[in-house]
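Inside the fold
Chain by chain, the residues:
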Amino acid sequence: MARRMSRTGLNRASIWGAGVFAVAMLSLTAYAVFSGDEEPAGSAGKDGSKPSARASAKPGPTYGAPSEWTEPKRWAVLPRNQRVDTHGNKVGWPQSTEGAEAMLVASNSTAVEGDRSSVDVQLGIYESYISQTDHSEANAEKVELAAIQADKTLRTKMGLAAGSALPAGAYARNQVIGFKVVHESSDEVSAWLLTRATTKSGETTKESGSYTRSLAAAVWEDGDWKLSSAATRTAFQQASGQEQPPIAAPGDEAFNTGGWTAIREAS
């Protein structure tokens, strides 16, 4: 297969994460592409949706932002990373639940804009954040193929020719805005992630967005937290039969009743 970029020649610009686009079918984490995770049985959220791990959670079908603001009851200031790796990704998190959450947030918050494609982002995620137990030529190929298709789909949604550059002001971004811990130990942490996904097709066009909910898990490996498909499958088993937290943004009372924790930037 002809490749737009080799895995050893990644763009070094700074990137943040593992999500891709606001369109639900494109909101994939790199490891969800090959992990084969499935939604826990009997775990539909209050909105009735049952998002799949492969789709990194579908937007809530009926969610609308509330007219009145309700202050989130739980806030977290997550720790900073210690360094940036050769792929421009934030790494080096403390061995704590908060450190694992910080990695999950960083690896699931992304920006595709300018000359940075989802191929750049996803291959960077694969190299920086995926557990070595999930590294293989076959998995890397799956991640790259899915990212290439995601780039094509994004351009189709924006009315652009395949392979064309994104126009000025165009972007597809994911930003994790809340989390809810499912399991925590000294070497494995899993959590539901609440993400705001947005797209914009140009400087003068209106931004569109949605909220997604996904389940992710991290393991402590070689002195840092890494995304793990095996740990994510375990997390789905642990969450089986439990009600998923509702898709509700900070400021919505359902955000509090669902047990979400909002995120503040570290100073």
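To keep things clear, this report deals only with the structure shown in the data block. (Residues numbered from 1 in each chain as written. Predicted model: local features only at pLDDT ≥ 70, side-chain atom pairs only at ≥ 80, totals over all residues. Heavy atoms only, no water.)

Right, let's talk about the pattern of salt bridges for a bit. Tallied over the full model, the rule gives two salt bridges. The partner of arginine 155 in a salt bridge is aspartate 151, and the shortest N-O contact between them spans 3.7 Å. In this pair, arginine 155 and aspartate 151 both sit in helix α4 (residues 137-157), four residues apart, roughly one turn of the helix. Accessibility assignment for this pair places arginine 155 and aspartate 151 in one class, buried. (Salt bridge = Lys/Arg side-chain N within 4 Å of Asp/Glu carboxyl O. Helix = DSSP H or I, 4+ residues; strand = E, 2+ residues; numbered from the N terminus. Buried < 20%, exposed > 50% of the residue type's maximum accessible area, 1.4 Å probe, protein only.)

What follows concerns the pairing of strand β4 (residues 110-113). Of the two faces of β4, only one is covered, namely that formed by Thr110 and Val112; the face formed by Ala111 and Glu113 stays uncovered. Bridge count between β4 and strand β5 (residues 170-184): four bridges; the pairing is antiparallel. Within β5, the position partnered with valine 112 by the bridge is alanine 172. (Pairing = 2+ DSSP bridges.)

What follows covers unusual backbone geometry. With phi around 55°, aspartate 222 is a residue other than glycine that occupies positive phi space. Residue placement: aspartate 222 occurs in the loop between β7 (208-221) and β8 (224-227). By relative accessible area, which is 76% here, aspartate 222 ends up exposed.

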